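Observations on the model geometry
The primary structure of each chain is shown beneath.
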Amino acid sequence: MLHVQALSLAELRERSSEKWREYPADVLPLFVAETDFPLAPAITAALHRAVERGDTGYIASKTPLAEAFAGFARRRYDWAVDPARTRSTADVSMGIVEILRRVTQPGERVVVTPPVYPPFYDLVEEAGAEVMRVPLRDTGTGWELDLDGIRGAFDDGATAILLCNPHNPTGTVHDRDALAALAEIAAEYGAAVVSDEIHAPLAQPGTGFTPFLAASETAARVGYAVVSASKAFNLAGLKCALMVTADDDTSAVVRGLPVEVEWRTGQFGLLASVAAFAEESDAWLDGLLDSLDQNRVLLEDLLARHLPGARYRIPDAGYLAWIDLSALGWGDNPARRILRDAKVALHFGPAFGTEGAGHVRLNFGTSPEILTEAVERIAALVER
């Protein structure tokens, strides 16, 4: 298997992205969802070719992006995507907002399932709707959708749900049965399901990731998926995502979006995404998944040895760890003390909802050396 190795700290410090410019050089940044790996070779080659020929204009009205994603979905998820039922846009957040604007009326309520990606709250409001919180259920060994709570929310007037699959920050991959059950509930109430599947390419082998639209015929009828190569291939700054549908009515909604929604797609993002979704990048992605698998297990070992009070469950997907530090007595937002005294930047737990009190989100998409140093720095606070 191809081994994908993270860059050195010295190399990473030369980057100018948010992860490496938000904090001083003495801080190890493990907060924002950027990874520390080099680009897949096919992406590097595609971008070099574009620069060399000055291919920096607007995206074309006809591109190979939809076909490239359909091939990727078939190979990776056994999901038959109709390229004609997709449109691109700048990023997943924009796709979510534009769809929500058309499946909800101003002031209507949209279900979110905290702890969840903090911008979800803002995206619902940007779309003109209101947030209705139905937290994930903690089963004691993992997290799952509270289907009874979601039914209650629809019964109370919610008209859509913004799903996170795989879930950020817990790394949960919702199983096919749960997704199919959610679809039936949504159909019963005439509600829409908008599924953010940005972390889907990072589902570990054996987890059985199910795209929402592929969960059942009902899911295909009530759902919208918004997907991107940006998290798996570290392309967030290049701006490209896809809105995917599987039914005549939902496809009509996406086709009816203004052309400017599609024109906001970045040319470099489109070129890079086509390369990412190509079969030649599969080996690189498999190598990345192997590196992340090693890191998610390493993190469990590091926490057990250095921070035994921490509670961490190995995620099914992604490179984000949801860690409960409540037992350490560092308050509702322990990341503040960790940043100040350990010089490690983690994402603030309470930003994900009230369920995040006492928690932090740690990005382990880095080298084993940086991950080890970060945990050791945090552990040193216990001894002070």
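For the structure, see preceding data.
Residues numbered from 1 in each chain as written. Predicted model: local features only at pLDDT ≥ 70, side-chain atom pairs only at ≥ 80, totals over all residues. Heavy atoms only, no water.

**Some remarks on the nonpolar core**
Here is a general trend for soluble globular proteins: nonpolar side chains tend to be buried in one another's company. Counted only if it meets this: As used in this record, nonpolar core signifies buried Ala, Val, Leu, Ile, Met, Phe, Trp, Tyr and Cys residues forming a set joined through side-chain atoms within 4.5 Å. Burial classes follow relative accessibility: with a 1.4 Å probe on protein chains only, a residue under 20% of its type's maximum area counts as buried, one over 50% as exposed, and anything between as partly exposed. Numbering of helices and strands runs from the N terminus, with a helix taken as a DSSP run of H or I at least four residues long and a strand as a DSSP run of E at least two residues long. Contact definition: two residues touch when any of their heavy atoms are within 4.5 Å.
The biggest cluster of nonpolar side chains holds 103 residues, and the ones touching the most others in it are Phe69, Phe212, Phe233, Leu299, Ile323 and Ile338. Among the elements that make up this core, the one with the highest residue count is helix α14 (residues 282-306) (eight residues). For Phe212, the contacting residues outside a window of four places in its chain are Leu163, Asn165, Leu179, Leu182, Ala183, Val193, Ser195, Glu197, Ala219, Val222 and Gly223. Of all hydrophobic cores here, the second largest spans 28 residues; its members include Leu100, Val116, Leu162 and Ile198.

**Remarks on a negative patch on the surface**
Quick note on the threshold: Residues enter patches when their relative accessible area tops 30% and they take part in no salt bridge; the joining distance is 9 Å for like charges and 5 Å for the nonpolar side chains Val, Leu, Ile, Met, Phe, Trp and Tyr. Only the protein chains shown count as covering a residue, and every accessible area follows the Shrake-Rupley method with a 1.4 Å probe. Think of a salt bridge as a Lys or Arg side-chain nitrogen and an Asp or Glu carboxyl oxygen that are within 4 Å of each other. Only four residue types enter the tally: Lys and Arg on the positive side, Asp and Glu on the negative side; His and the chain ends are excluded. Note that the charge is assigned to NZ on lysines, CZ on arginines, CG on aspartates and CD on glutamates.
A surface patch of negative charge is lined by Asp122, Glu125, Glu126 and Glu130. Per-element tally for the negative patch: the top contributor is helix α6 (residues 119-126), with three residues. Tracing the chain through its elements places Glu130 in strand β4 (residues 130-133).

**Topic: the packing of α14 against helix α16 (residues 368-382)**
How we decide: To obtain each axis, a line is fitted to C-alpha atoms, and for helices this fit is confined to the stretch in contact; angles are then taken between N-to-C directions over 0 to 180 degrees. By definition in this entry, angles of less than 35 degrees are roughly parallel, angles greater than 145 are roughly antiparallel, angles of 65 to 115 are roughly perpendicular, and the rest are oblique. Should the near helix be turned counterclockwise from the far one by less than a right angle, the crossing is left-handed, whereas a clockwise turn marks it as right-handed.
Two elements in contact, α14 and α16, have axes whose closest approach is 10 Å; the angle formed by their N-to-C orientations is 25°. In terms of axis orientation, α14 runs roughly parallel to α16. As α14 packs across α16, the resulting crossing turns out to be right-handed. Taking contact as the criterion, the partners of Asn295, Leu298, Leu299, Leu302, Leu303 and His306 in α14 are, on α16, Pro368, Leu371, Thr372, Val375, Glu376 and Ala379.

**Topic: the sheet that holds strand β11 (residues 311-312)**
Counted only if it meets this: Any two strands with at least two DSSP-identified bridges between them are counted as paired.
What the four strands build is an open sheet, ordered β11-β12-β15-β14; its pairing is antiparallel. Looking at which strands have only one partner, the edges of the open sheet turn out to be β11 and β14 (347-348). Bridging between β14 and strand β15 (residues 359-363) involves two bridges; their strand directions are antiparallel. In the strand pairing of β15, His347 is matched with Arg361. On top of the sheet, helix α15 (residues 334-342) reaches β14 and β15; it is set at about 55° to β15, its chief contact.

**Looking at the side chain of Ser291**
For Ser291, the location among the structural elements is in helix α14. By relative accessible area, which is 7% here, Ser291 ends up buried. Setting aside chain neighbours within four positions, we find Ser291 in contact with His3, Val4 and Phe37.

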